[in-house]
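Descriptive analysis of the structure
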Amino acid sequence: MDFTFSEEQQAALEAAKALFAGAAPDKVPSPALAPGAVADDFDRTLWARLADADLLSLLLDPEYGGAGLDPIAFCLVLRESAKALARIPLLENTAAATALQAHGSTEAKEELLARTGRGELVLTVAAHGRTGHDPAELAVAARKEPDGTWLLDGIQTAVPWAHTADIILVPAHTHDSGRTVLALVPRDHDGLVLTEQVSTTGERLAELRLDSARIAAPHLLEADGAWEELRLLLTTGTCALALGLGEKVLEMTAEYTGRREQFGHPIATFQAVAVQAADRYIDLRAMEATLWQAAWRISSGSPGALPAAGDVAAAKIWASEGVRRVVQTAQHLHGGFGADTDYCLHRYHAWAKHLELSLGPAAAHEDALGNLLAAHPLG
């Protein structure tokens, strides 16, 4: 078996490293000090640089100006973005574009995809349901009208980048058939209202309310499995973000404990410190192994003992618990310095909490994995 990344994947990784090397996590006020959102918009300058480097079109086909790469390459880029706490809708934009490319109408694809890859149009996804704990596809109802249009009613909470994205991809269920469809809803669409929310990271989220919002048929994705594919890509991408953040935090911890002295010796040489750091290194390696397994399953479509959702659930369990343990240990080993708002570790802690709970905490994915094991007995 060859576990190395392909040349194309390595090229995407190197491009991402070069691009995010200049990104600083403290360009906006600290979420611990800001009374509301840390900024009204995402980092447009960085977004333009991503577009120039062709990293926004990574998963798009060449006919739409993309590189035609797979989710593994995408996760490599996401991992680097998290190390810099890049304030950009890269995960949501790319995942939505991928769903549109796979299942959208010809009209919608020709209208939106190339512009999305060039950074001219920003997409996001409403994926947290009514409360953040219930299935997102059940939070909005879709009803087909006699003229072929669709009416959407419902609420989605914690929609990232909704105030600045151009189009929001909203999952909804149909009363007549119980299917899940995906609607492309412009931010300024009639019948859509956004109410500001703020995440632990200090970023603007939105509660999205739809009241008889009318969507034309070409802007609705009706294919079976479209939402499931999108959800798995979003979840796997979240795991990649958690891994990148955790790796950066452990690197910061190693640097600090290597220079901080007690009793005339660096504290990194103390057994208690070394053991805690080693445990967190093991967490990161488990997060990495389960991430690449999940990314490979959704990239290749290869069969396994469980559906790909099982591998994604395992990756999210490790990502949620692992990133929490990494940042908690880092805070402990940094002492009071870790809570200093002039030092960026507290920002990573806030982002880690957001990623831990995003798209379901570990317990939710443990339930999902248990249900899959019950439905697909091993052996």
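All residue numbers refer to position in the chain's written sequence, counted from 1. Since the coordinates come from a predicted model, pLDDT governs what is reported: local features require at least 70, and pairs of side-chain atoms require 80 or more to be given and counted, while whole-chain, interface and lining totals use all residues. Excluding hydrogens and water, the side-chain values take into account all heavy atoms of the structure.

**A word on the overall build of the chain**
- Helix and strand assignments follow DSSP, with helices taken as H or I runs no shorter than four residues and strands as E runs no shorter than two, numbered in order from the N terminus. Assigned secondary structure in the chain consists of 10 helices and 10 strands.
- Computation of the radius of gyration draws on C-alpha atoms, with the globule rule given as 2.2 Å multiplied by the number of residues to the power 0.38. Whereas a compact globule of 379 residues would reach a radius of gyration of roughly 21 Å, the chain reaches 21 Å, a difference of no more than 12%.
- Taken over the C-alpha atoms alone, the chain extends approximately 80 × 55 × 40 Å along its principal axes.
- Residue burial is assigned from relative accessible area. The probe radius is 1.4 Å, only protein chains are included, and a residue is buried under 20% of its type maximum, exposed over 50%, and partly exposed in between. The buried share of the chain, taken over its 379 residues, is 54%.
- Nonlocal contacts in the chain, meaning residues at least 24 apart in sequence, comprise 73% of its contacts between residues at least 6 apart.
- Using a 1.4 Å probe, the Shrake-Rupley method yields the accessible areas, and only the shown protein chains count as cover for residues. Accessible area for the chain stands at about 16400 Å²; split by element, carbon and sulfur atoms hold 53% of it.
- Charge convention: Lys and Arg are scored as positive, Asp and Glu as negative, and His as well as the terminal groups of each chain are ignored. Just so you know, the charge point we use is NZ for Lys, CZ for Arg, CG for Asp and CD for Glu. Mean positive and mean negative side-chain charge positions of the chain (30 and 50 charges, respectively) differ by 4 Å. Any two residues whose heavy atoms approach within 4.5 Å at even a single point are treated as in contact.

**As for the nonpolar core**
- Each nonpolar core is a collection of buried residues, namely Ala, Val, Leu, Ile, Met, Phe, Trp, Tyr and Cys, held together in the definition by side-chain atoms within 4.5 Å. Grouped together as the largest cluster of nonpolar side chains are 96 residues, with contacts concentrated most on Phe20, Ile88, Leu230 and Leu245.
- It is helix 6 (residues 226–259) that provides the largest number of residues to this core, a total of 15 residues.
- With residues up to four places along the chain from it excluded, the contact list for leucine 245 reads Ala82, Leu85, Val323, Val327, Tyr348, Trp351, Ala352 and Leu355.
- Counting residues in hydrophobic clusters, the runner-up holds 20 residues, among them Val159, Val181, Val185 and Leu220.

**Observations regarding the side chain of glutamate 92**
- Looking at the element boundaries, glutamate 92 is found in helix 4 (residues 90–103).
- We note that glutamate 92 is buried and unpaired, the nearest opposite charge coming from arginine 87 at a distance of 12 Å.
- Setting aside residues no more than four positions away along its own chain, glutamate 92 makes contact with Leu123, Thr124, Val125, Pro160, Trp161 and Leu234. Salt bridges are defined as contacts in which a side-chain nitrogen from Lys or Arg sits within 4 Å of a carboxyl oxygen from Asp or Glu.

**Let's talk about the packing of helix 1 (residues 7–20) against helix 2 (residues 44–52)**
- Note on method: axes are straight lines fitted to C-alpha atoms, helices fitted across the in-contact stretch only, with angles between N-to-C directions ranging 0 to 180 degrees. Between helix 1 and helix 2, whose axes approach to 11 Å, the crossing angle comes to 150 degrees. Between helix 1 and helix 2, the angle falls in the class roughly antiparallel. Helix 2 is crossed by helix 1, and the crossing has right-handed handedness. Taken together, the residues of helix 2 that come into contact with helix 1 (itself represented by Ala18, Leu19 and Phe20) are Leu46, Arg49 and Leu50.
- When residues are sorted by character, Ala, Val, Leu, Ile, Met, Phe, Trp, Tyr, Cys and Pro go into the nonpolar class, Asp, Glu, Lys and Arg into the charged class, and all the rest, Gly among them, into the polar class. Its residues assigned to classes, the contact of helix 1 with helix 2 comprises 5 nonpolar, no polar and 1 charged. Any angle from 65 to 115 degrees is called roughly perpendicular, while one under 35 is roughly parallel, one over 145 is roughly antiparallel, and all others are oblique. In this scheme, a crossing is called left-handed if the near helix is turned counterclockwise away from the far one by less than a right angle; it is called right-handed if the turn is clockwise.

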